[in-house]
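Okay, here's what each chain looks like letter by letter:
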Amino acid sequence: PHGPHVPIVPISLWSPCPHSPHSPNIPMVPVSPHVPTVPMSPRSPFPAVSPPCPCPPVCPQAGLAQCQRQAEEVTELMRQNVARAMEREGHLERLQSRARDLRQASQAFTRSTRVVTRHQRRGQRRWHLVALGLGLFLLLLLLGLALALALARSPPGTGGVPTPRAQTEPPPSTAGTG
C-alpha cells in the first residue's frame, strides 16, 4: 500500500499478441482473483515481466485509420513497383534490340572475314604457283646450261654421244676372184 499504485487491467481487454516473447510452454500461475494467470519465468519463482507489446491498442477508429494508412502505403509501394517494372521492361527491350543489332553485325563480320580469307588464300596460291613456275624454269635453264657446258668441254672424239665413224679403208674387192 505504500508503493506506487499499479492499475489492474481486466483480462477481457487483453488480446493475444503475436509479438509476445512467451511461448505456450511457459507455465502460467494464478496471482490474484482479478488476473487468473501470469506467465512465470522458467528459472525464477516470481512472475515474468514481459516487455510492452508493439501491437497498436485496440480501438476501432484508430485501427481503421491505421489500416487505411497501411493500405495507402502498400498502394504507393505497388505503384512504385509497377513503375520500376515498366522502366525495366523498357531497358530490356532496348537491350534486346541492341543484342539483335550486335548479332546481325557479327554475322556480317563473319561473312566479310570469310570473303577476305578466300581472297588472301587465292593470292597466296597465285604467288606459290608463280614461285614454283620460276623455280622449274630456273631448274630447266640450269640443266640446259650444264648440258651445254658438258658438251662444249668434252673433246670431239671422246664426247658423250657416239657417232658412226666413216671407214677410211676400202672394202675388200670381190671382183678378181672368181
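Residues numbered from 1 in each chain as written. Predicted model: local features only at pLDDT ≥ 70, side-chain atom pairs only at ≥ 80, totals over all residues. Heavy atoms only, no water.

- An unreviewed UniProt entry annotates the protein as VAMP5 protein of Xiphorhynchus elegans.

### Let's talk about the overall build of the protein
Piece 1. Counting its regular elements, the protein contains one helix and two strands.
Piece 2. A buried classification covers 3% of the 178 residues belonging to the protein.
Piece 3. For the protein, restricting intrachain contacts to residue pairs at least 6 apart in sequence, the fraction spanning at least 24 positions comes to 33%.
Piece 4. Here the protein has roughly 16,700 Å² of accessible surface; of this, 65% comes from carbon and sulfur atoms. (Helix = DSSP H or I, 4+ residues; strand = E, 2+ residues; numbered from the N terminus. Buried < 20%, exposed > 50% of the residue type's maximum accessible area, 1.4 Å probe, protein only. Contact = heavy atoms within 4.5 Å. Areas by Shrake-Rupley, 256 points an atom, 1.4 Å probe, with all protein chains shown as cover.)

### A few points about the UniProt feature "transmembrane region" (unreviewed entry) in the protein
Piece 1. Mapped onto this numbering, the UniProt entry annotates "transmembrane region" (unreviewed entry) at residues 127-152.
Piece 2. Its end C-alpha atoms 37 Å apart, residues 127-152 is made of 100% helix and 0% strand. (UniProt positions renumbered as here; feature names shortened; annotations may be inferred.)

### Thoughts on a nonpolar patch on the surface
Piece 1. Residues L129, L132, L136, L139, L140 and L143 make up a contiguous nonpolar surface patch of about 640 Å² in total accessible area.
Piece 2. With respect to the helices and strands, L143 occurs in helix α1 (residues 60-153).
Piece 3. Accessibility expressed as a relative area gives 53% for L143, which makes it exposed. (Patch = residues over 30% accessible without salt bridge, like charges linked within 9 Å, V, L, I, M, F, W, Y side chains within 5 Å. Salt bridge = Lys/Arg side-chain N within 4 Å of Asp/Glu carboxyl O.)

### Some words on the pattern of salt bridges
Piece 1. Tallied over the full model, the rule gives one salt bridge.
Piece 2. A salt bridge links R79 to E76, with the shortest nitrogen-to-oxygen separation between them at 3.8 Å. Here E76 and R79 lie together in helix α1, a separation of three residues that amounts to about one turn.
Piece 3. For R79, a relative accessible area of 56% corresponds to the exposed category.

### Some details on a positive patch on the surface
Piece 1. On the surface, a cluster of positive charge is contributed by R111, R114, R118, R121, R122, R125 and R126.
Piece 2. Position of R114 among the secondary structure elements: in helix α1. (Lys, Arg positive; Asp, Glu negative; His and termini not counted. Charge placed at Lys NZ, Arg CZ, Asp CG, Glu CD.)

### Topic: the confidence of the model for the protein
Piece 1. Taken as a whole, the protein shows an average pLDDT of 75; of its residues, 53% reach a score of 70 or greater.
Piece 2. Considering each helix and strand of the protein separately, the mean pLDDT is smallest for strand β1 (residues 28-29), with a value of 46, and largest for α1, with 93.
Piece 3. Per-residue pLDDT stays below 50 along residues 6-16; that stretch engages in seven contacts with residues further than four places along the chain or on separate chains.
Piece 4. Note on residues 21-33: pLDDT is under 50 here. Beyond four places in sequence and across chains, it has 20 contacts. (pLDDT = per-residue confidence, 0-100.)

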